[in-house]
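# Per-entry structural report
As a plain string of letters, each chain reads:
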Amino acid sequence: MPTAGGSAEAAENLLPLALSRPHDAIASARSLLATDPLAIEASFAHQAWGISLRQLGDIPAAVRELRTALRLAEQSGRSEREADVLATLGATLGRAGRSREGLARLDRAVELSRGALTGRVLLRRADVLLVLGRHREALDDLRLAIERLRRSGDQVWEARSRNYRGFIQLALGGTKRADADFAVAEKLYAATGQEFEYAEARQNRGLVAYSRGDLPSALRYLDEAGRRFAAVGVVWPDLAIDRCGVLLAAGLSAEALAEMDQAIARMEAEGGTATKRGELWFAAATAALAAGDPQAAQDRADRARRLFSAQRREWWSVRSSMVQLDARYQAGERGGQLLRRVSATAQRLDALGASEASAAHLLAGRLALSAGRSRTADRELELAGQHSKDAPPMARSAAWLGKALRAEARDDVRGMLSACGRGLDALDEHRLTMGATELRALATGQGAELAELALRDALRRDDPRRLLVWGERWRATALGVPPVRPSDDEQLGADLAALRDVVRRLDASPDPSSEKERRRLEKAVRDRALRAQGGALGGAASRFDVDALVDALGETVLVELIEVDGVLHAVVVRDGRITRHEVGPLTAAAVEVERSRFRLRWLAHARPSARPQGRPRTGAASGAVGGAAGGAPGRDYRGPSLDVLGQRLGDAILGSAQELLGDRAVVMVPPSRLQALPWGLVPALGDRAVNVVPSAATWLRARRLRPPADRRVVLVLGPGLSAGRTEVMRLAEKYPDATVLANGDATAEKVLRELDGAWIAHIAAHGTFRADSPLFSSLRLDDGPLTVYDFERLRRAPYRMVLSSCDSGLAKPVGADELLGLSSSLIPLGAAGILASVVPVNDPATAPLMLALHDNLRAGQSLATAFAGARTEARGDPVTIAAARSFVALGA
């Protein structure tokens, strides 16, 4: 006869342990079963073991344990014990894709249960209904469950029921009700010590933040949930799915796709539920679609759809079908068949209450427009334009796009422009919630089509003023406000210091373990920056004022280059008059830019016999570019002269607008794709002051900046620059009171401390532009690289900054028309003017140019004027001429 190995109460305590710490629960269940317990106690042990295995992803083993638990519960003769195990088994079968059997077990459990136990059973039935997408039925079960559990004082199960109800409310668009349920669940989990479920509640709070468009808060919640899951030894696939959604909303599609690939590989290797496998493939399909790989999206969505269909999960299956259809559209398919499929799917999504319905109607509207079916397009776009007033900003912006397309199709120009403006306003609201420069820049990509609609209209009307206004509306907006410093600045500083140390050691001696640590630290720095919170929700961006621009320009001429449907247009503002000049294809301009950069890079490595040769000022990344372009130093270059290249460049990027420049100072506003342009090479610009800015609004802001009362000058010399030493020492003679950081003193913390609020800063150091991660572009100091993340810790950038290093003026085009790079990061931090190079430059050839520049600055000239004067002195020697043409003056 079996002996009692412990009380039933002790055995029952294994159940909450299984959800909180599954590994500990398995160990305790194994110990209890080794004592040959009574049937009722053994049923608790096997049930706890089964729940733990389910949490850890081993569903087949979990089902075996739960069937054993059910057999023992039936032997015990306790109906409430049998009902509880039936409910657990039914929920697990439902999660395994065997929903029909699972629901049958759960229905039987409801019949056997009474009181609080009924609440527990109803929760588990709601879980299966949720998996099936039967949200309303699940809500009915949860309402009853919460009432019974609250009356009985069962805090843990009330918390679980609220957690589930919050999730369903969120799926149906009720963010406020969802957050209220999650908040209560969180408090109850914390009070009862449910560590795993507390982590799940934090994860769900992240989902609410994401649904509201608050991506930094969402990332913080999900990161915290990930740490808590790891602490209890659980890899939770839902977390990867949620992170995928947030990363996609942030514009980080490549990272979202990588996250899903890792999660799928982990599940394939370690096992997991069939239901969760389908959800992972669905998320991977959406990520592939956003990353611009429609074939991969179709394949993954098809795998997900087949899994969902087999599991009778209509809500998920229809959503997967929509991803497949969207992928077919992105791959170039058009026509009536696709239109019919998309329209039918949109109707099914409407009936199911899925959030993707609006996007489906928008796609149907596009297809109908392309097919010339105006009535169908009007109906679909009307549905796409519907949104609630409390919808998140991105959803509202998408709805306004639907309204704009509908108004355009109806020739309602006023309505179209109003919708474009309202849609961009919503995205401004979304953008300003983010503190990270990278996220702000990427967010602008969402508004590109809205801006393009308005630009096309201005072009049709041949209205240059309107073209300028709309060109400015969505250009370089991420640089309009400074980045927000993360709240945990001390940790950020520590990570950046550790990163400098690792990179310095890697430069001295490459090592796989150090390289792995570098990647870890870069990820930590970037993740912390992405979590920085922006301004208050609902904040408004400042509006561009054309009249203020005209007044500020005075005798200066502004040329803004605007691309519309692949064609470059120059909008010229001179003496209060605004004119438009069609230049030509943007691709042709880009070709001429690369030809010019190729020639300048070659000259930076050339060895004219008349002068000694120095190495280009370049880091590893830019050095590779120079070497590929130039070939062996000293080799004869049989190509066009700089004068010929410059004339071609001017014609390709300015065209007839060159005739309006006269001898005036010029402000150039290029699109982001032409930001690496050596403007000094263009004959029409060669001998005048030229300020280059990412937007006219940026120039206006920079012009309004006032120099600091303290005229501090800071001179910095990085390691490994022979000619740079002479350059800095000569400058120190010109500025006797300057702070000089060199010979081991040019460390990051010292340099940042001195740069903060300085009048003039001059840094001679090797530069590296990181195209793969532009905010890790850097200047090499004595203790390692000074990155953009370091510069963003400044309270105020130097008023004027000279970066006599290679590629310091480069930036990566992202979003709609944004830039990420070393020099661009200084603009929102208060730098009025920056001198930087856009190609590698020759060391000895650069030093005289820098000395002449500072002579002009000390004479009271502006940065652009001072540089123009220094540039005109670079005569005769082609290497010196090339160096002078390789720098640009940014700002005002």
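Every chain is numbered on its own, with residues counted from 1 as its sequence reads. Per-residue local features of the predicted model are confined to residues with pLDDT of at least 70, and side-chain atom pairs are confined, for both listing and counting, to 80 or more; whole-chain, interface and lining totals are unaffected and use all residues. Hydrogens and waters are ignored; side-chain quantities use all the structure's heavy atoms.

## What to know about the packing of aromatic side chains
We describe a pair of aromatic rings using the distance from one ring centre to the other and the angle between the two ring planes. Working definition: rings of Phe, Tyr and Trp (its six-membered ring) pair if their centres are within 6.5 Å, and the pair is stacked with planes under 30 degrees apart, edge-to-face with planes over 60 apart, and tilted otherwise. The final tally for this structure, using the stated rule, is eight aromatic pairs. Summarising the aromatic geometry, the rings of Phe-229 and Trp-236 are spaced 5.9 Å apart at their centres and angled 35° between planes, so their arrangement reads as tilted. You can call Phe-229 buried: its relative accessible area is 1%. Taken together, the ring pairs connect Phe-282, Phe-308, Trp-315 and Trp-316 into an aromatic cluster. Charge over a ring is defined by NZ of Lys or CZ of Arg lying within 6 Å of the ring centre and within 35 degrees of the ring normal. The ring of Trp-316 carries Arg-319 above its face, with NZ or CZ at 4.7 Å from the centroid. Burial status follows relative accessibility: with a 1.4 Å probe on protein chains alone, a residue under 20% of its type maximum counts as buried, one over 50% as exposed, and anything between as partly exposed.

## Brief notes about helix α12 (residues 195-211)
We count a stretch as a helix when DSSP gives it H or I for four or more residues in a row; a strand needs E for two or more, and each element gets its number in order from the N terminus. Multiply 1.5 Å by the residue count of a helix minus one, and that product is the helix's expected span. Given a rise of 1.5 Å per residue, 17 residues ought to cover 24 Å, and the 25 Å separating the end C-alpha atoms of α12 matches this to within 8%. Counting buried positions along α12 gives 14 out of 17 residues, so the element sits mostly inside the fold. Following α12 by one or two positions, Gly-213 has its phi on the positive side, about 90°.

## Some words on the environment of Ala-159
With respect to the helices and strands, Ala-159 occurs in helix α10 (residues 155-171). Spatially, the C-alpha atoms of Ala-159 and Lys-187 are 8.3 Å apart, while their sequence positions differ by 28 residues. Here, two residues are considered to be in contact whenever any of their heavy atoms come within 4.5 Å of each other. The contact partners of Ala-159, leaving out residues within four places of it in the chain, are Ala-185, Leu-188 and Tyr-189.

## Section: the environment of Arg-243
Structurally, Arg-243 can be placed in helix α14 (residues 237-249). The sequence separation of Arg-243 and Gln-347 amounts to 104 residues, and the corresponding C-alpha distance is 28 Å. Beyond its immediate stretch of four places on either side in the chain, Arg-243 contacts Leu-219, Leu-222, Asp-223 and Glu-259.

## Some remarks on the sheet that holds strand β11 (residues 778-781)
A pair of strands counts as paired when DSSP detects no fewer than two bridges linking them. Strand order in the open sheet formed by three strands is β10-β11-β12, and the pairing between neighbours is antiparallel. Of all strands in the sheet, those bounded by a partner on one side alone are β10 (767-768) and β12 (784-787). Here β11 pairs with β12 via four bridges, running antiparallel. By the bridge assignment for β12, Leu-781 is matched with Gly-784.

## Comments concerning the pairing of β11
Bridge analysis of β10 against β11 gives two bridges, and the strand direction is antiparallel. Bridge pairing links Gly-767 to Leu-779 in β11. Hairpin connection from β11 to β12: two residues lie between these consecutive antiparallel strands.

## Notes on α10
Between its first and last C-alpha, α10 extends 24 Å over 17 residues, near the 24 Å set by a 1.5 Å rise per residue. Counting buried residues along α10, 13 of its 17 residues qualify, which places the element largely inside the surrounding structure.

## Here we look at the packing of helix α19 (residues 336-352) against helix α20 (residues 357-370)
For helices, the fitted axis covers only the stretch in contact; all axes are lines through C-alpha atoms, and the angles between them, taken along N-to-C directions, range from 0 to 180 degrees. Two elements in contact, α19 and α20, have axes separated by 8 Å at closest approach and are oriented at 160°. Relative to α20, the element α19 lies roughly antiparallel. Our pair here, α19 against α20, has a crossing hand that is left-handed. In contact with Leu-338, Leu-339, Val-342, Ser-343, Ala-346, Leu-349 and Asp-350 of α19, α20 contributes Ala-357, Ala-360, His-361, Leu-363, Ala-364, Leu-367 and Ala-368. In the contact of α19 with α20, the residues fall into eleven nonpolar, two polar and one charged. Here the angle decides the label: under 35 degrees means roughly parallel, over 145 means roughly antiparallel, 65 to 115 means roughly perpendicular, and every other value means oblique. What makes a crossing left-handed is the near helix being turned counterclockwise from the far one by less than a right angle; a clockwise turn instead makes it right-handed. When residue character is reported, Ala, Val, Leu, Ile, Met, Phe, Trp, Tyr, Cys and Pro are called nonpolar, Asp, Glu, Lys and Arg charged, and the others, Gly included, polar.

## Observations regarding the pattern of salt bridges
Here, a salt bridge means any Lys or Arg side-chain nitrogen found within 4 Å of an Asp or Glu carboxyl oxygen. Across all of its chains, the model carries 80 salt bridges by this definition. Here Arg-67 and Glu-101 are joined by a salt bridge, their closest N and O atoms 3.3 Å apart. Of this pair, Arg-67 sits in helix α5 (residues 59-76) while Glu-101 sits in helix α7 (residues 99-112); the two residues are 34 residues apart in sequence, bridging distant segments of the chain. The partly exposed category is assigned to Arg-67, whose relative accessible area is 32%. A residue is classified by how much of its surface remains accessible, and Glu-101, at 27% relative accessible area, is partly exposed. Salt bridges sharing partners connect three or more residues here, namely Asp-179, Glu-186, Arg-202, Arg-205, Arg-212, Glu-224 and Arg-228.

## Focus on the packing of helix α13 (residues 215-231) against α14
At a minimum axis distance of 10 Å, the contact between α13 and α14 shows a crossing angle of 160°. The angle between the axes of α13 and α14 places the two elements in the roughly antiparallel class. Note on packing geometry: the crossing formed by α13 with α14 is left-handed. Of the residues in α14, those touching α13 at Leu-215, Ala-218, Leu-219, Leu-222, Asp-223, Ala-225, Gly-226 and Phe-229 are Leu-239, Asp-242, Arg-243, Val-246 and Ala-249. Residue composition of the contact of α13 with α14, by class: nine nonpolar, one polar and three charged.

## Here we look at unusual backbone geometry
Among all residues save glycine, negative phi is the norm, and among peptide bonds the norm is trans. Of note in this structure, Asp-462 is not a glycine but carries a positive phi near 50°. Structurally, Asp-462 is set in the loop between α25 (448-460) and α26 (464-473). Notably, Asp-575 is not glycine yet its phi reads approximately 55°, a positive angle. Residue placement: Asp-575 occurs in the loop between β2 (567-574) and β3 (577-585).

## Section: the environment of Arg-162
Summarising the element assignment, Arg-162 is placed in helix α10. When the C-alpha positions of Arg-162 and Ala-145 are compared, they lie 9.3 Å apart, and in sequence the two are 17 residues distant. Apart from the residues within four sequence positions on either side, Arg-162 is in contact with Ile-146, Arg-150, Asp-181, Val-184 and Ala-185.

## Quick notes on the sheet that holds strand β6 (residues 690-692)
In spatial order, the strands read β3-β2-β1-β5-β6-β18-β16-β13-β9-β7-β8; together these eleven strands make up an open sheet with mixed pairing. The open sheet has two edge strands with one neighbour each: β3 and β8 (739-741). Direction aside, neighbouring strands of the sheet carry axes that sit 20° apart on average. Relative to β3, β2 runs antiparallel, the two sharing eight bridges. Within the sheet, the bridge partner assigned to Leu-568 lies in β3 and is Gly-584. Set on the sheet, helix α30 (residues 586-605) makes contact with β1 (557-564), β2 and β3; between it and β3 the angle comes to about 80°.

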